Each structure stands twice: as structure tokens, then as C-alpha cells.
Amino acid sequence: QVQLVESGGGLVQPGGSLRLSCTVSGSIFSINAMTWYRQAPGKQRELVAGIISGGTTNYADSVKGRFTISRDNTKNTVYLQMNSLKPEDTAVYYCNAVGRDLSRNVFDSWGQGTQVAVSS
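Report on the accompanying structure.

Calculation rules
- Residues numbered from 1 in each chain as written.
- Predicted model: local features only at pLDDT ≥ 70, side-chain atom pairs only at ≥ 80, totals over all residues.
- Heavy atoms only, no water.
- Helix = DSSP H or I, 4+ residues; strand = E, 2+ residues; numbered from the N terminus.
- Buried < 20%, exposed > 50% of the residue type's maximum accessible area, 1.4 Å probe, protein only.
- Core = buried A, V, L, I, M, F, W, Y, C linked by side-chain atoms within 4.5 Å.
- Lys, Arg positive; Asp, Glu negative; His and termini not counted.
- Salt bridge = Lys/Arg side-chain N within 4 Å of Asp/Glu carboxyl O.
- Polar contact = N/O pair within 3.5 Å; in protein donor to acceptor, adjacent residues only side chain to side chain.
- Contact = heavy atoms within 4.5 Å.

1. Details of unusual backbone geometry
Here is step 1 of the chain: The phi dihedral of Ser84 is positive, around 50°, even though this residue is not glycine.
Here is step 2 of the chain: The topology assignment puts Ser84 in the loop between strand 8 (77-82) and strand 9 (91-101).
Here is step 3 of the chain: Look at Ser84 and you get partly exposed, because its relative accessible area is 40%.
Here is step 4 of the chain: For Arg104, which is not a glycine, the phi torsion comes out positive at approximately 70°.
Here is step 5 of the chain: Along the polypeptide, Arg104 turns up in the loop between strand 9 and strand 10 (106-110).

2. Side note on the nonpolar core
Here is step 1 of the chain: Ranked by internal contacts, the top residues of the largest apolar core, which has 30 residues, are Trp36, Leu80, Met82 and Tyr93.
Here is step 2 of the chain: Going through the elements one at a time, strand 1 (2-7), strand 3 (18-26), strand 4 (28-39), strand 5 (46-52), strand 7 (67-72), strand 8, strand 9 and strand 11 (114-118) are the ones with two or more residues in this core.

3. Some words on the side chain of Asp101
Here is step 1 of the chain: In this structure, Asp101 sits in strand 9.
Here is step 2 of the chain: Buried charged residue Asp101 carries no salt bridge. Nearest counter-charge: Arg104, at 6.7 Å.
Here is step 3 of the chain: In terms of polar contacts, Asp101 uses its side chain to reach the backbone amide nitrogen of Ser103, at 2.9 Å.
Here is step 4 of the chain: With residues near it in sequence (within four places) discarded, Asp101 still touches Ser27, Ile28, Phe29 and Phe107.

Shown next as C-alpha cells:
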């Protein structure tokens, strides 16, 4: 079984910064892709940023130039550095990981979410 635990959310003023972390644990053989999504009240969940095992990244247009995704493979952890935060970044942020467990079965797992609120 694979578990994801996110941390780092909170309340920040516009223009401020936060760093989210997501650690994957359990019976992991490999992690292919790690992705951050967010869901604001009354809106659908949307992709924020993703990173694959080779290091290639992709970002939503709304966060390009402000957010940076990175991963530490030794710790099975993905980070999301969020700078120049705007009120419209307010949402619950979810981490997703796709990979294979020790039985070589594919897993596609989600964290519980962490709240980010941007407000003065």
C-alpha cells in the first residue's frame, strides 16, 4: 500500500511565498510521475505542476514563472515552491503519485490535501 502525506499549507498575504511538500511511503518500487493539483471552492480540480522521473516538468499557464516543482528521489518527496502568490491561488492542494509497488503493480495515489489561503 502507498500513502502520500502533504504539508506546508497555510495563510499568506498576496505576494508571499509558501513551500508545499509531499512524501510518498509504503511498498514502492518506483515513482514515475508526481503532480500537484488544486481545487478551489466551487471549481473543478486542476493540474498545477507535474514532474516525471527524468526531471521533465510542466506547469499550468496560470502559475508559470511563479511556481517551481522539484523532487528528491532519495526521499520520495516532491516540493512545490510557490512565489508571488495571488488570491486566486487559494485552494486545497493535492499531491498525486503514479508508479509501481513492490509487486510491480501500478499505483495511482492521492494525498489528503493541504489548504492554501492567500488573503490580506
